[in-house]
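Summary of structural features
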Amino acid sequence: MMTINELSHKLGLKIITEIPKKLERKVTGVYSCDLLSHAMAKINEGDVWITIHTNLNVVAVASLTDCACVLIPENIEIEKQMAERAAEKEVVLLSGAKSAAELCYEIFRLIKD
Amino acid sequence: MASVVVRDYIIPANDFTIAGEASSNVRKILSQLGVAPDIVKRTSIAMYEAEINAVIHGNGGQAHVEIDENKIVITISDQGPGIEDLELAMQEGYSTAPDSIREMGFGAGMGLSNMKKNSDILDIKTAVNEGTTVNITVFFKK
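A quick note: this is a predicted structure, and the numbers were derived from the prediction, not measured.

Basis of the calculations
- Residues numbered from 1 in each chain as written.
- Chains lettered and ligands numbered in written order.
- Predicted model: local features only at pLDDT ≥ 70, side-chain atom pairs only at ≥ 80, totals over all residues.
- Heavy atoms only, no water.
- Axes fitted to C-alpha atoms, helices over the stretch in contact; angles between N-to-C directions.
- Helix = DSSP H or I, 4+ residues; strand = E, 2+ residues; numbered from the N terminus.
- Parallel < 35°, antiparallel > 145°, perpendicular 65-115°, else oblique.
- Left-handed = near helix turned anticlockwise from the far one by under 90°.
- Contact = heavy atoms within 4.5 Å.
- Nonpolar A, V, L, I, M, F, W, Y, C, P; charged D, E, K, R; others polar.
- Polar contact = N/O pair within 3.5 Å; in protein donor to acceptor, adjacent residues only side chain to side chain.
- pLDDT = per-residue confidence, 0-100.
- Core = buried A, V, L, I, M, F, W, Y, C linked by side-chain atoms within 4.5 Å.
- Buried < 20%, exposed > 50% of the residue type's maximum accessible area, 1.4 Å probe, protein only.
- Pairing = 2+ DSSP bridges.
- Salt bridge = Lys/Arg side-chain N within 4 Å of Asp/Glu carboxyl O.

Residues and elements named next belong to chain B. Two numbers describe how helix α1 (residues 21–32) lies on helix α2 (residues 37–56): the axes approach to 9 Å, and their chain directions differ by 165°. The orientation of α1 with respect to α2, classified from their angle, is roughly antiparallel. Taken as a pair, α1 and α2 cross one another with a handedness that is right-handed. For the pair α1 and α2, the contacting residues are Glu21, Ala22, Ser23, Val26, Arg27, Leu30 and Ser31 in the first and Val40, Thr43, Ser44, Met47, Tyr48 and Glu51 in the second. A breakdown of the residues in the contact of α1 with α2 according to their chemical character gives six nonpolar, four polar and three charged.

As structure tokens, then:
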């Protein structure tokens, strides 16, 4: 079992919202989807949710589903408004260089061990 | 039975800076009341979908929430264009959301089916050019 902090270091992910107590949360799964209603229905508590959307609605869905964190792939620029809202709602926001598929694979491998 | 908590929220039209705030607030209240996490999640999903629909399709509206020790009843109403064919709208994948809304990640056509799946009673009253009222009931105990 791995924390968000450990996962971020292992995969070289950038932590956009620093919420120390939340970074110690265990990651239990990974889910990738860009349709918000679909994601909301399928995300499990403790999942890393990978999406290319960088709008405020992502923060709302992350908060309602209680996923471990949101990971934006491919170094997609994150809107300032989103980062601010994430900090306010205590939603951990991460950014990675790789594609959603590669990140899913790597996270899955790490948390399975 | 007397309601223990009653809340009212205004849902502004097309304002995504606060879309979801009412659902988020209700989620917090339910958690504080010690409602089981899976029930909190089901309620949040159903309410968020209804709230977002009011933002996107209903020109905004209002939410009225009543919580007692057995259940939560959420009423979200708008004075928007109404739903022409409710049966069609209930079908998963059917959506009338414009492209600008789809670009944000909405418009999957799962809103109403998510509401149905996550509520114990779902009642929708709608009339063209008059508006839509969605009633969601979730029981705390099975």
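Still to come is the rest of the account.
A separate point is the side chain of Thr17 of chain A. Residue and element names in this part refer to chain A. Note on placement: Thr17 falls in the loop between β2 (14–15) and α2 (20–23). In terms of polar contacts, Thr17 uses its side chain to reach the backbone amide nitrogen of Leu93, at 2.7 Å. For Thr17, the contacting residues outside a window of four places in its chain are Ala83, Ala86, Ala87, Val91, Val92 and Leu93.

Once that is clear, we can look at the confidence of the model for chain B. Per-residue confidence for chain B gives a mean pLDDT of 94, with 97% of residues at or over 70. Both scores are given for the predicted complex: the pTM is 0.91, the ipTM 0.86.

Moving on: the nonpolar core. Core analysis: the largest hydrophobic core is formed by 62 residues, its most contacted members being Trp49 and Val70 of chain A together with Ile72, Phe106 and Ile136 of chain B. For this core, the element with the most residues is α2 of chain B, which contributes eleven residues. Judged by nonpolar contacts, the second largest core, of 20 residues, contains Met2, Ile19, Leu23 and Leu71 of chain A.

Residue and element names in this part refer to chain B. One open sheet holds the five strands; their spatial order is β1-β2-β3-β5-β4, and the pairing between them is antiparallel. The open sheet terminates on both sides in strands that have one partner only, identified here as β1 (5–11) and β4 (121–127). Pairs of neighbouring strands in the sheet enclose a mean axial angle of 10°, with direction left out of account. When strand β3 (residues 71–78) meets strand β5 (residues 131–139), the two strands line up antiparallel, connected through eight bridges. In the sheet register, Thr75 faces β5, and the bridge partner there is Asn135. Packed onto the sheet, α1 meets β1, β2 (61–67) and β3 and runs at close to 165° relative to β1.

The subject of this paragraph is the interface of chain A and chain B. Taken together, the contact between chain A and chain B spans 22 residues of the former and 21 residues of the latter. For Lys89 of chain A, the salt bridge is made with Glu21 of chain B, and the minimal N-O distance between the two is 3.1 Å. Remark: the boundary between chain A and chain B carries nine residue pairs in polar contact (both at pLDDT 80 or more). Counting only elements with at least two residues in the side of chain A that touches chain B, the list comes to α3 (36–42), α4 (56–65) and α5 (80–89) of chain A. It is α4 of chain A that contributes the most residues to the side of chain A that touches chain B, six residues altogether.

Quick look at the pattern of salt bridges now. Counted under the stated rule, the structure contains ten salt bridges over all chains. A salt bridge links Arg85 of chain A to Glu88 of chain A, with the shortest nitrogen-to-oxygen separation between them at 3.7 Å. Note that Arg85 of chain A and Glu88 of chain A are positioned in helix α5 at a spacing of three residues, about one turn of the helix. Given a relative accessible area of 15%, Arg85 of chain A falls into the buried group. Take Glu88 of chain A: its relative accessible area is 57%, and that puts it in the exposed class. A salt bridge links Asp123 of chain B to Lys125 of chain B; the nearest nitrogen and oxygen atoms lie 2.6 Å apart.

Before going further, it helps to examine the pairing of β5 of chain B. Within a regular beta strand, the side chains point alternately toward one face of the sheet and then the other, so they alternate between its two faces. Bridge count between β4 of chain B and β5 of chain B: seven bridges; the pairing is antiparallel. Following the sheet pairing, Ala127 of chain B is matched in β5 of chain B by Gly131 of chain B.

Looking now at the sheet that holds strand β4 (residues 29–32) of chain A. All names here are of chain A. Read from one edge to the other, the open sheet built from five strands follows the order β2-β7-β6-β5-β4, with strand pairing classed as mixed. Pairing within the sheet leaves two strands with one partner each, and these edge strands are β2 and β4. Of the strand pairs in this sheet, β4 and strand β5 (residues 47–50) are connected by four bridges, and their pairing is parallel. For Gly29, the partnering residue across the bridge sits in β5 and is Asp47.

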